[in-house]
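Spelled out, the chains give:
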Amino acid sequence: MRSDIAPGGIFPDYELPDHENIPRRLSELQGEDPLVLMLSRGHYCPKEHQHHLELAAFYPKVAVAYTQMATIATDDHHVLQEFRASVGAQWPFLSDPGRTVQQDLDIQEYTDPDHDPMIPHTLVLKPGLVIHSIYNGYWFWGRPSVDDLRRDLRAVTKEIRPDWDLSTPGLREAWDAGSWAPFHGWNKRVRPD
């Protein structure tokens, strides 16, 4: 992978069509939350199916934890829809049959000229597409387990959420004073008079 794609760096803000053929930008999918991004071989690969089945089972926890997920695959639109449906995923799948991401990141899996996939990677991104961690999944055991992702997401969330520990000095006083800025979710609400 390109040398600038490393922890602390910024991941490119790709715009690709999703499983409904709607152009989606990674930064829009992420919003203000952590993002787990899978760069996938695609529908043909049984390793991808197994990994995505595990992620689909984990997804309800991801959703309640204000975390986003996305998959990018080299599959065309219809195959991408089949891939997403076959694993029961509820997050966006983005289609890149032109291999823009593969070429830009220099992650062509040259050992599979028949499918010409990306070397699969999973990235955990802080808001702003800041790279927290990268997993190279060429071999299945290189992919993150649910426990790996949970540890990464705990560290990211602790870092980005000022209200991680409600006993932090000043938080109670801010709440009592009506300043909801440090409180995720509450910072977008209007306080009733």
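None of the values given here were measured: they were computed from a predicted structure.

### Quick notes on the pairing of strand β3 (residues 35–40)
Of all six residues that make up β3, six are buried, and the element is covered over most of its length. Here β3 shows a buried face lined by L35, L37 and L39 and a second buried face lined by V36, M38 and S40. By the bridge criterion, six bridges tie β3 to strand β4 (residues 68–73) in an arrangement that is parallel. For M38, the partnering residue across the bridge sits in β4 and is T71. Between β3 and its parallel partner β4, the chain crosses via helix α2 (residues 46–64), and the hand of that crossover is right-handed. One ladder, built from five bridges, connects β3 with strand β6 (residues 121–126); its direction is antiparallel. Note on β6: the bridge partner recorded for L37 is L123.

### Overview of empty space enclosed by the protein
A full pass over the atoms with the stated rule returns one cavity of 30 Å³ or more. Here the largest cavity is characterised by a volume of approximately 40 Å³. Lining the largest cavity, in full, are M38, L39, S40, E48, H51, H52, P120, H121, T122 and R143. Breaking the lining of the largest cavity down by element, the ones donating at least two residues are β3, α2 and β6.

### Remarks on the nonpolar core
Among the nonpolar cores identified, the biggest contains 21 residues, and F11, L26, L37, L39 and I72 are the most heavily contacted of them. Of all the secondary structure elements, the ones that give two or more residues to this core are α1 (26–30), β3, β4, α4 (100–105) and β6. Sort the elements by how many residues they give to this core and β3 lands first, with three residues. In this structure, I72 is in contact with L16, L26, L37, M38, L39, S40, L94, D96, V101 and M118, ignoring residues within four places of it in sequence.

Definitions and limits used
- Residues numbered from 1 in each chain as written.
- Predicted model: local features only at pLDDT ≥ 70, side-chain atom pairs only at ≥ 80, totals over all residues.
- Heavy atoms only, no water.
- Buried < 20%, exposed > 50% of the residue type's maximum accessible area, 1.4 Å probe, protein only.
- Helix = DSSP H or I, 4+ residues; strand = E, 2+ residues; numbered from the N terminus.
- Pairing = 2+ DSSP bridges.
- Right-handed = clockwise from strand over helix to strand, strands pointing away.
- 1 Å grid on protein atoms, 1.4 Å probe; cavity = no way out; pocket = protein on both sides within 12 Å on 5 of 7 lines; lining within 4 Å.
- Points joined across faces, edges and corners; volume = space filled by probe spheres on them.
- Core = buried A, V, L, I, M, F, W, Y, C linked by side-chain atoms within 4.5 Å.
- Contact = heavy atoms within 4.5 Å.

Shape descriptors only; they carry no functional weight alone.
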